[in-house]
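# Per-entry structural report
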Amino acid sequence: MASSSYNCAKPQISHPLSSASSSTVHLGHSPTSISWNSRQPNRTHNIRIIHSALHSPSVLHFPKQPYQNPLIPIEDDSVNVQVQPKTHRHPQWNLLQRAAAMALDMAESALVSLELQHPLPKTADPQVQISGNFGPVPEQPVKQALPVTGTIPSCINGVYLRNGANPLFEPVAGHHFFDGDGMVHAVTIDNGNASYACRFTETQRFLQEKELGRPVFPKAIGELHGHSGVARLLLFYARALFGLVDHKQGTGVANAGLVYFNNRLLAMSEDDLPYHLRITPSGDLETVGRYNFDDQLKSTMIAHPKIDPFSKELFALSYDVIQKPYLKYFKFQPDGTKSPDVEIPLSMPTMMHDFAITENFVVIPNQQVLFKLQEMIFGGSPVIFDKKKKSSFGILSKNASDSKDIIWVESPDTFCFHLWNAWDEPESDEVVVIGSCMTPPDSIFNECDESLKSVLSEIRLNLKTGKSTRRPIISESEQVNLEAGMVNRNRLGRRTRYAYLAIAEPWPKVSGFAKIDLFTGEVKKYIYGHKKFGGEPFFLPRDDNWESAEDDGYIISFVHDENSWKSELQIVNAINLQLESSIKLPSRVPYGFHGTFIDAKSLINQA
């Protein structure tokens, strides 16, 4: 069982960049780097190097101005981005607003000066969190006719898309990797030909900050810690009070999940509504706007909704960290019609990043990582691990109209950031859940002395006895951190034999992926190679036939070579784990989050 005895430091926020900067700054290392003209004044503080798995040979610096579309020389594979200094015009503010803006900017400068006096924890230090290939890139317009090694399987026609966090501006305080603006990377494959583009998702937050020329919205994980976090919230709401920013149209970054539902590509993060994106005929991306399902969705939606492969319904949750109900469940019919909300009874706001579905049920994790905003008053993080709370899973009918029949099954000391699948076993009155159990539970958010472990586990929830069991699927001798991945989506919610998961070694980098037999525990690994790292392996079945072999398909993943500083898209045969083809990309693709694939036939009906 997971241990609850570990030591996590409460972070204190200070200024992230206590280093001298020159007139030209660089991200990455030769031969491929991105350079911007820096308008930042020189500082006299020494560069603070923190050694961790995130750290690369370079230290990251940011421009004060937005990225511009780069000019990519056709003769050169490298990407050199020169951004000219830009004068930002303020919105049409009146005299009172201008005075308020000046006063609030002065208050923020004073706050930053105080923050400079304290070191940042690694979980909120930009020099750690967004260094190397975790760092941002500029937008890239479509580049066609990419070089292909090997042969792209003929069944793969469509667009592979992957979301990620890509901050537009230099952080003015702490920054967690999860805080960055959403950027979607798209590789379009058309009868063996490939193109690539990447674009920011133009959230309301992104558009306002771009117009202002600097970050003003508070970062939920990296900045909102301790007294500095309280002060930043007060500054933000003061700006909103004077009409300098508008938070009523959402504050989310849409940087985590992607789903294609009801002919719409949706980009999501659990702090906002989804954003509707459109893929253009050329393979480019454009933001249509914040999407509320024709005014049916009144609350946020988590980044991991589930589509049942048979009913084609979409299932989702929404959570609130301030007021009850802290959690709601709802679903959408294939035509986009939403069900009424079902309020799930929780006594405190619980972090709910993911959940699972079976043929008959929704599986809701109620775990020990909570939101406790008052902790900021005492100098701590609002995301805490409560060792006194008992972890449990709620089992609710997918067609429930209320929560009165929900069954809660305790699963002590269980924290799964992601659940890969679940299914019903009525012969034993059990629901089986497959997830990666993480310890320490809040180590992603709060700096801890204990090394993180992510153990692929089978959790059995007995609906009659209310008891649970948990076992590691892989033998102790073969244990590796497994995070990010999926099962065959044609069988989601049904018994599956295989899972395809990222090998998060050295944490949090991904050195390859594993194909795991969930019944026998057998592990087959595909390793990218020396200094090559990737992200979430996406399993694409050869076809949508339920009766096809479960592993008949391909694994798709972005891979970055930290020696050459170049990126590619690899396509691997899921049966034998042999590389079928690789697509050389025109620019660097940072390590990111979750993706999806939209086949060419589905794109014809795109809304």
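Residues numbered from 1 in each chain as written. Predicted model: local features only at pLDDT ≥ 70, side-chain atom pairs only at ≥ 80, totals over all residues. Heavy atoms only, no water.

## So, the overall build of the chain
If you tally the helices and strands in the chain, you get five helices and 35 strands. The buried share of the chain, reckoned over its 607 residues, is 62%. Long-range pairs, those at least 24 residues apart, make up 64% of the contacts in the chain with a sequence separation of at least 6. Element-wise, carbon and sulfur atoms account for 52% of the exposed surface of the chain, whose accessible area totals about 24200 Å². (Helix = DSSP H or I, 4+ residues; strand = E, 2+ residues; numbered from the N terminus. Buried < 20%, exposed > 50% of the residue type's maximum accessible area, 1.4 Å probe, protein only. Contact = heavy atoms within 4.5 Å. Areas by Shrake-Rupley, 256 points an atom, 1.4 Å probe, with all protein chains shown as cover.)

## A word on the pairing of strand S14 (residues 327-332)
In terms of residue burial, S14 counts as a mostly covered element, since six of its six residues are buried. Here S14 shows a buried face lined by Leu327, Tyr329 and Lys331 and a second buried face lined by Lys328, Phe330 and Phe332. Note that strand S13 (residues 314-319) and S14 share six bridges and pair antiparallel. Bridge pairing links Tyr319 to Leu327 in S14. Direction of pairing for S14 relative to strand S15 (residues 342-344): antiparallel, over a ladder of three bridges. Bridge pairing in S15 places Tyr329 opposite Val342. (Pairing = 2+ DSSP bridges.)

## A look at the nonpolar core
The biggest cluster of nonpolar side chains holds 44 residues, and the ones touching the most others in it are Leu456, Leu482 and Ile516. The residues touching Ile516, leaving out its near neighbours within four places in the chain, are Leu456, Ile473, Ile474, Leu482, Arg497, Tyr498, Ala499, Leu501, Glu522 and Val523. With 41 residues, the next largest nonpolar core counts Tyr160, Met183, Phe513 and Ala574 among its residues. (Core = buried A, V, L, I, M, F, W, Y, C linked by side-chain atoms within 4.5 Å.)

## Concerning the sheet that holds strand S35 (residues 595-599)
With respect to topology, five strands assemble into an open sheet ordered S3-S7-S6-S5-S35, the strand pairing being antiparallel. Two strands in the sheet have a free side with no partner beyond their single neighbour: strand S3 (140-143) and S35. Adjacent strand axes in the sheet meet at a mean angle of 15°, parallel and antiparallel pairs treated alike. Note: S3 against strand S7 (residues 193-200), two bridges, orientation antiparallel. Bridging across to S7, Gln140 finds its partner in Cys198. (Axes fitted to C-alpha atoms, helices over the stretch in contact; angles between N-to-C directions.)

## Observations regarding the layout of surface pockets
The calculated volume of the second largest pocket comes to roughly 1400 Å³. Tyr260, Ile307, Arg489, Thr596 and Phe597 are the residues nearest the centre of the second largest pocket, which is lined by 48 residues in total. Looking at the lining of the second largest pocket residue by residue, the classes come out as 25 nonpolar, twelve polar and eleven charged. (1 Å grid on protein atoms, 1.4 Å probe; cavity = no way out; pocket = protein on both sides within 12 Å on 5 of 7 lines; lining within 4 Å. Points joined across faces, edges and corners; volume = space filled by probe spheres on them. Nonpolar A, V, L, I, M, F, W, Y, C, P; charged D, E, K, R; others polar.)

## Section: the sheet that holds strand S9 (residues 264-268)
Strand order across the open sheet formed by four strands is S8-S9-S10-S11, with antiparallel pairing between neighbours. Of all the strands in the sheet, the pair left with one neighbour each is strand S8 (257-261) and strand S11 (285-290). Across the sheet, the mean angle from the axis of one strand to that of its neighbour is 30°, orientation sign disregarded. Two strands pair when backbone bridges link them, and strand S10 (residues 275-279) and S11 are joined in this way by five bridges, in the antiparallel orientation. By the bridge assignment, Arg278 is partnered in S11 with Glu286.

## Overview of the UniProt feature "binding site: Fe cation" (unreviewed entry) in the chain
Cross-referencing UniProt, the feature "binding site: Fe cation" (unreviewed entry) maps to His304, His353, His418 and His594 in the present numbering. Spanning 291 residues, the annotated positions come together in the fold, the maximum distance between their C-alpha atoms being 12.7 Å. As for the annotated residues named above, the ones lining the second largest pocket are His304, His418 and His594. Within the element layout of this structure, His304 appears in the loop between S11 and strand S12 (306-307). Residue His304 is classed as buried on the basis of its relative accessible area, which comes to 10%. Ignoring any residue separated from it by four or fewer positions in sequence, one finds His304 in contact with His353, Asp354, Phe355, His418 and His594. Along the chain, the position of His594 falls in the loop between strand S34 (579-584) and S35. Residue class for His594 comes out buried when judged on its relative accessible area of 10%. Aside from chain neighbours lying at most four places away, what touches His594 is Arg162, Asn163, Ala256, Gly257, Leu258, His304, His353, His418 and Glu536. (UniProt positions renumbered as here; feature names shortened; annotations may be inferred.)

## Here's the deal with the side chain of Ser457
Within the element layout of this structure, Ser457 appears in strand S24 (residues 453-462). Given a relative accessible area of 3%, Ser457 falls into the buried group. A polar contact is formed between the side chain of Ser457 and the backbone oxygen of Val455, at a distance of 2.9 Å. Beyond its immediate sequence surroundings of up to four residues, Ser457 is in contact with Val433, Ile434, Gly435, Cys437, Arg470, Arg471, Pro472 and Ile473. (Polar contact = N/O pair within 3.5 Å; in protein donor to acceptor, adjacent residues only side chain to side chain.)

## Describing the packing of aromatic side chains
Under the counting rule described, the total for this entry stands at 17 aromatic pairs. Arranged with centres 5.0 Å apart and planes meeting at 70°, the rings of Phe134 and Tyr591 form a pair that is edge-to-face. One end of the pair, Phe134, is in the loop between helix H2 (126-129) and S3; the other, Tyr591, is in the loop between S34 and S35, with 457 residues separating them in the sequence. Each of the two residues, Phe134 as well as Tyr591, counts as buried. Look at Phe178 and Phe593: their rings are 5.4 Å apart centre to centre, the planes differ by 80°, and that puts the pair in the edge-to-face class. With Phe178 in the loop between strand S5 (158-165) and strand S6 (182-190) and Phe593 in the loop between S34 and S35, this residue pair connects regions lying 415 residues apart in the sequence. Residue Phe178 is classed as partly exposed on the basis of its relative accessible area, which comes to 24%. A network of ring pairs unites the aromatic residues Phe261, Tyr291, Phe293, Phe330 and Phe332 as a single cluster. Seen from the ring of Phe355, Lys306 lies directly overhead, with NZ or CZ sitting 5.8 Å from the centre. (Phe/Tyr/Trp six-rings, centres within 6.5 Å; stacked < 30°, edge-to-face > 60°. Lys NZ or Arg CZ within 6 Å of the ring centre and 35° of its normal.)

## Observations regarding a nonpolar patch on the surface
A surface patch of nonpolar side chains, about 340 Å² in accessible area, is lined by Leu96, Leu241 and Phe242. Its place among the elements puts Leu241 in helix H4 (residues 226-241). The class for Leu241 is exposed, based on a relative accessible area of 72%. (Patch = residues over 30% accessible without salt bridge, like charges linked within 9 Å, V, L, I, M, F, W, Y side chains within 5 Å. Salt bridge = Lys/Arg side-chain N within 4 Å of Asp/Glu carboxyl O.)

## Quick notes on empty space enclosed by the protein
Here the idea is plain: a probe the size of a water molecule rolls over the atoms and shows the empty space left. Applying the stated criterion to the full structure yields eleven cavities of 30 Å³ or more. Along its surface, the second largest cavity is lined by Pro167, Leu168, Phe169, Asp179, Gly180, Asp181, Arg205, Glu209, Pro215, Phe217 and Lys219. Per-class residue counts for the lining of the second largest cavity are five nonpolar, one polar and five charged.

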